[in-house]
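Here's the letter readout for the chains.
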Amino acid sequence: MKRIDFNAPDETITHECESHREGDWIVFHCPECPDYERRINWRTGEMIVKNSDPFIRHQGHHIPEEFKDALLNVN
């Protein structure tokens, strides 16, 4: 078990996650932490996190494939 010191200074490391969709689940993986996974069910709001390190803040976003071109290639 890992111990978290909530009085420690905020020197949290942040990793940017990549995402893809599996059915109703949006799945996030960290390129720097190969065993980290976060799953969010977009219909129910359920979230499952595996192998999270309390000293690393994982963040990311998901853009559905059908909207990526429209959102990322604007002139």
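Structural data are supplied above this passage.
The following refers to the structure shown. (Residues numbered from 1 in each chain as written. Predicted model: local features only at pLDDT ≥ 70, side-chain atom pairs only at ≥ 80, totals over all residues. Heavy atoms only, no water.)

Our focus in this paragraph is the nonpolar core. Counting seven residues, the largest nonpolar core is built from Cys17, Ile26, Phe28, Cys30, Cys33, Tyr36 and Ile56. Not counting the four nearest positions on each side in its chain, Cys30 is found in contact with His15, Cys17, Tyr36 and His58. (Core = buried A, V, L, I, M, F, W, Y, C linked by side-chain atoms within 4.5 Å. Buried < 20%, exposed > 50% of the residue type's maximum accessible area, 1.4 Å probe, protein only. Contact = heavy atoms within 4.5 Å.)

Taken across its five residues, strand β4 (residues 37–41) has four buried, putting it largely inside the fold. Across five bridges, the pairing between strand β3 (residues 25–29) and β4 is antiparallel. Directly across from Trp25, in β4, lies its bridge partner Asn41. Sheet topology note: the β4/strand β5 (residues 47–50) ladder contains four bridges and is antiparallel. Counted as the bridge partner of Arg38 is Val49 from β5. Hairpin geometry of β4 and β5 is characterised by an intervening segment of five residues between the two adjacent antiparallel strands and by a positive phi of about 85° at Gly45. (Helix = DSSP H or I, 4+ residues; strand = E, 2+ residues; numbered from the N terminus. Pairing = 2+ DSSP bridges.)

Before going further, it helps to examine a nonpolar patch on the surface. A cluster of nonpolar side chains, Phe67, Leu71 and Leu72, forms an exposed patch at the surface whose accessible area comes to about 330 Å². Structurally, Leu71 is set in helix α1 (residues 65–72). (Patch = residues over 30% accessible without salt bridge, like charges linked within 9 Å, V, L, I, M, F, W, Y side chains within 5 Å. Areas by Shrake-Rupley, 256 points an atom, 1.4 Å probe, with all protein chains shown as cover. Salt bridge = Lys/Arg side-chain N within 4 Å of Asp/Glu carboxyl O.)

Quick look at the environment of Pro31 now. Structurally, Pro31 is set in the loop between β3 and β4. Its relative accessible area of 52% is what places Pro31 among the exposed residues. Here the alpha-carbon distance between Pro31 and Glu18, two residues 13 residues apart in the chain, equals 7.5 Å. The contact partners of Pro31, leaving out residues within four places of it in the chain, are Glu16, Cys17 and Glu18.

Turning next to the pattern of salt bridges. According to the stated counting rule, one finds four salt bridges in the structure shown. In this structure, the salt-bridge partner of Asp24 is Arg43, at a minimum N-O distance of 3.0 Å. Taken together, the residues span a long stretch of sequence, with Asp24 in the loop between β2 (18–22) and β3 and Arg43 in the loop between β4 and β5 at a distance of 19 residues. For Asp24, a relative accessible area of 28% puts it in the partly exposed group. Taking relative accessible area as the criterion, Arg43 reaches 57% and is therefore assigned exposed. As a salt-bridge pair, Glu37 and Lys50 come within 3.8 Å of each other at their nearest N and O atoms. With Glu37 in strand β4 and Lys50 in strand β5, this pair connects stretches of sequence that are 13 residues apart. A relative accessible area of 13% means that Glu37 is categorised as buried. Salt bridges linked by common partners bring Glu22, Glu37, Arg39 and Lys50 together as one network.

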